[in-house]
Amino acid sequence: MSKQQDIFKQWDALSSQYAISRRSFIKSSATVGAFAAAGGLLAACGSPSTGGAASGNATANEGTVTIWDRSGDLFQVFDATIESFNKKYPKIKVKHVSVDVDAKLPTTLNTGVNVPDGSFYEDNNLPTLASHYYDITDWIQPYVKDIVPFKLRVNTHNNRIVGIPWDLDPGLLYYREDMLQEAGVDPTSIQTYDDLLAAAKKVQTKFGPSCKPIHLEQDPGLTQLWVEMFANQQGTSMVDASGKLQINTPAYLNIMKFLKAVRDQNLGTRAQYYGPGDVAAIENNQVAFYPWAVWAVYGPDLLFKKTKGKWRAMPLPAWTTGGARGAVMGGSSFIIPKKAKNPHLAWLFYEHLVFSKEGYTSVYGPNKVYPGGINTSIPSYMPALGTQLYKNSEGLGGQNLWQTVTGTVKDIPGNFYIAPWYNQAVPYFGTNVQRMLDGQLTPQQVLQKSSDDIQTKLVARQ
């Protein structure tokens, strides 16, 4: 059975709720307003994804579409897809605007003034403004069975799909191959987090007490995101499907106990992700293990000098023997506002960028911005995972990172929910984890206090 077939099997139970007919889509009270705002587009033109928009109405694929993306390298990469998009749709002009999305999008959606037709947005921000997103459930139907379940879930609100899943950020265990060899540690022996602790002890014995082999995150916001990766790996998240808080549970206790063990056994280098202190420790052979999202490859590829080429990547250890070794840490998607002037044109643009071979190859493959392609994430559209899109990593000694990271996708649990107050929880949950690492709280106290704080200061105010 292929990787994609494995994922399809995992997805079967989840996909049924999205198999919504056109009649149900139009009838749904949740979408009547959006449908009316579109001027009866679906009834008149059919679904753009099936070509109905082009054949049913000559003007449906004409006009200007305003797309917002955050400034920087990704803006340039997305910009480069416009040329191939216009080969398909020569009468659609893409007005691509570089903006501070996090700062500008919330205000714009709330006021309804100068709303773009589509915008990039980080997944952890999605729930807060979900009521302002266009319902694309019907349009995305041809692709739902080919989208990684995790990403489809985080783009779903009230059982409707309101975002276009883009990148997938699987977790990996980065490790120093040379240090492990010197310490007599076989990377394949690290199957569980208990194995990781044992391996770290061996490395420390070899390199001395100044070597604290496992990275311990120090930034509260990144700590919370990191913990959520570990939670996702165990098939849970801060809230359940109904939005009920579920931090004070055995899965989160496993995480807290592991982090405390790293701290108590003096096996962790506590530093902010790739901050000056973190990089210095890494370059001085004080860190040998870095459990993090795939985007940590940025360090070996572009940031490290002394240790460049000495790092490797493998799947995360499991929490129990034979358990899941896949998880997600972070990610982003695209949304189409309800008040967009041309929502169907935005859909056509994102359909091309995310679901067409020309689009995802242009983004992830070698290009002017990234000669080797983008290797800090992978597409969430499973057909795109069948062929390697970016080159092997020089920072990882030529390792085929693509093969390693795509191999974890089948193990990523799909039942993950992002709380609408996720960002506001950092001063409570992320900070309390740091207090535990300071020796001020026990694992159980972290979970109890965080649950109490979030319940009274965030959930109760919703």
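- Per an unreviewed UniProt entry, the protein chain goes by Sugar transporter and derives from Dictyobacter halimunensis.
- Recorded in UniProt under Subcellular location (unreviewed entry), the annotation for the protein chain is "Cell envelope".
- Reading the Sequence similarities (unreviewed entry) entry of the UniProt record for the protein chain gives the comment "Belongs to the bacterial solute-binding protein 1 family."

Focus on helix α14 (residues 276-283)
Part 1: Looking at α14, one finds that the buried residues are Asp278, Val279, Ala281, Ile282 and Glu283.
Part 2: Next to the buried residues of α14 lie β8 (171-176), β9 (214-217), β10 (268-271), β11 (289-293), α15 (298-303) and β12 (311-315).

Some thoughts on the packing of aromatic side chains
Part 1: Under the defined criterion, the tally for this structure stands at 39 aromatic pairs.
Part 2: Considering the side-chain rings of Phe78 and Phe334, the 5.5 Å spacing of their centres and the 70 degrees angle between planes classify their relative orientation as edge-to-face. You can see Phe78 sitting in helix α6 (residues 73-79) and its partner Phe334 sitting in strand β13 (residues 332-335), a full 256 residues away along the chain.
Part 3: Seen in terms of ring centroids, Tyr390 and Trp402 are 5.2 Å apart; in terms of plane orientation they differ by 85 degrees. Their pairing is edge-to-face. One end of the pair, Tyr390, is in the loop between β14 (378-379) and α18 (401-406); the other, Trp402, is in helix α18, with 12 residues separating them in the sequence.
Part 4: Residue class for Tyr390 comes out buried when judged on its relative accessible area of 3%.
Part 5: Using a relative accessible area of 4% as the deciding quantity, one classes Trp402 as buried.

So, the pairing of β8
Part 1: The element β8 is largely enclosed, with a buried count of 6 among its 6 residues.
Part 2: Where burial is concerned, the two faces of β8 agree: the one with Gly171, Leu173 and Tyr175 and the one with Leu172, Tyr174 and Arg176 are both buried.
Part 3: Pairing of β8 with β11, which is carried by 5 bridges, proceeds in the antiparallel orientation. Bridging across to β11, Leu173 finds its partner in Pro291.
Part 4: In the sheet, β8 pairs with β12 via 5 bridges, with the strands oriented antiparallel. Its bridge partner being in β12, Tyr175 is matched across the sheet by Arg312.

Procedures and definitions
- Along each chain, residues carry numbers from 1 onward, in the same order as the chain's sequence is written.
- The predicted nature of this model means local features are confined to residues of pLDDT at least 70 and side-chain atom pairs, given and counted, to a pLDDT of 80 or more, with totals for whole chains, interfaces and linings taken over all residues.
- Remark: hydrogens and water are excluded; side-chain values derive from all non-hydrogen atoms of the structure.
- UniProt positions are given in the numbering used here, feature names are shortened, and annotations may be inferred rather than shown by experiment.
- Categorising residues by exposure relies on relative accessible area from a 1.4 Å probe, with only protein chains included: less than 20% of the type maximum marks a residue as buried, more than 50% marks it as exposed, and the intermediate range marks it as partly exposed.
- Counting from the N terminus, the helices are the DSSP runs of H or I reaching at least four residues and the strands are the DSSP runs of E reaching at least two.
- Between two residues, a contact is recorded if the distance between any of their heavy atoms is within 4.5 Å.
- Aromatic contacts are taken between Phe, Tyr and Trp rings whose centres are within 6.5 Å, Trp giving its six-membered ring; a plane angle under 30 degrees counts as stacked, one over 60 as edge-to-face, and the others as tilted.
- Any two strands with at least two DSSP-identified bridges between them are counted as paired.

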